[in-house]
Amino acid sequence: MIIYDKLWETMRSKGISQNKLYKEYGVSRAQIDRLKHNRTVYTSTLDMLCGILGCDDISDVVTYIPDGKKEDPNGE
């Protein structure tokens, strides 16, 4: 499973809101909704978001969690 919790953290730290993504950067509301609900998005969308946010790595916006496991902040 891919989750986008880190996207929202990175956006907060960069001062970029969902509204700004939509109005200033042309990210569709449908794509924002898909990200909010951890649904499938195109890699081109992730590439665009990383460009907007100045990411060092894709892990600034996504987290991979193997099926059957829950995210554990302690890595256990």
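Note: the structure precedes this text.
Just so you know, these numbers come straight off a predicted model, no measurement behind them.

Draft legend 1. Structural context of the packing of helix 2 (residues 18–25) against helix 3 (residues 29–36). Interaxial distance between helix 2 and helix 3 falls to 10 Å at its minimum, and their mutual angle equals 150°. If you check the angle between helix 2 and helix 3, you find them roughly antiparallel. Here helix 2 and helix 3 pass one another in a crossing that is right-handed. Contact with helix 2, carried on its side by Q18, L21 and Y22, involves R29, I32 and K36 of helix 3 and no other residues of that element. The residue makeup of the contact of helix 2 with helix 3, split by class, is 3 nonpolar, 1 polar and 2 charged.

Draft legend 2. Summary view of helix 1 (residues 5–14). Taken as a whole, helix 1 has its buried residues at L7, W8, T10 and M11. Seen along its axis, helix 1 keeps its buried residues to an arc of 165°; they face one direction. In helix 1, the exposed positions angled more than 90 degrees off the buried face are occupied by R12 and S13. Contacts made by the buried residues of helix 1 are with helix 2, helix 3 and helix 4 (43–53). The positive-phi residue at the C-terminal boundary of helix 1 is G15, with phi of around 70°.

Draft legend 3. Main features of the environment of V41. With respect to the helices and strands, the residue V41 is situated in the loop between helix 3 and helix 4. Relative accessible area serves as the criterion here: at 12%, V41 is assigned to the buried category. Separated by 10 residues in the primary sequence, V41 and Q31 have C-alpha atoms spaced 7.1 Å apart. If near-sequence neighbours (up to four positions away) are discounted, V41 is found in contact with Y4, Q31, R34, L35 and L46.

Draft legend 4. View of the packing of aromatic side chains. Using the criterion set out here, one finds 0 aromatic pairs in the structure. Across from the ring centre of Y22, 3.7 Å away, lies the NZ or CZ of R29, which sits over that ring.

The rules behind the values
- Residues numbered from 1 in each chain as written.
- Predicted model: local features only at pLDDT ≥ 70, side-chain atom pairs only at ≥ 80, totals over all residues.
- Heavy atoms only, no water.
- Axes fitted to C-alpha atoms, helices over the stretch in contact; angles between N-to-C directions.
- Helix = DSSP H or I, 4+ residues; strand = E, 2+ residues; numbered from the N terminus.
- Parallel < 35°, antiparallel > 145°, perpendicular 65-115°, else oblique.
- Left-handed = near helix turned anticlockwise from the far one by under 90°.
- Contact = heavy atoms within 4.5 Å.
- Nonpolar A, V, L, I, M, F, W, Y, C, P; charged D, E, K, R; others polar.
- Buried < 20%, exposed > 50% of the residue type's maximum accessible area, 1.4 Å probe, protein only.
- Arc of directions from axis to C-beta.
- Phe/Tyr/Trp six-rings, centres within 6.5 Å; stacked < 30°, edge-to-face > 60°.
- Lys NZ or Arg CZ within 6 Å of the ring centre and 35° of its normal.

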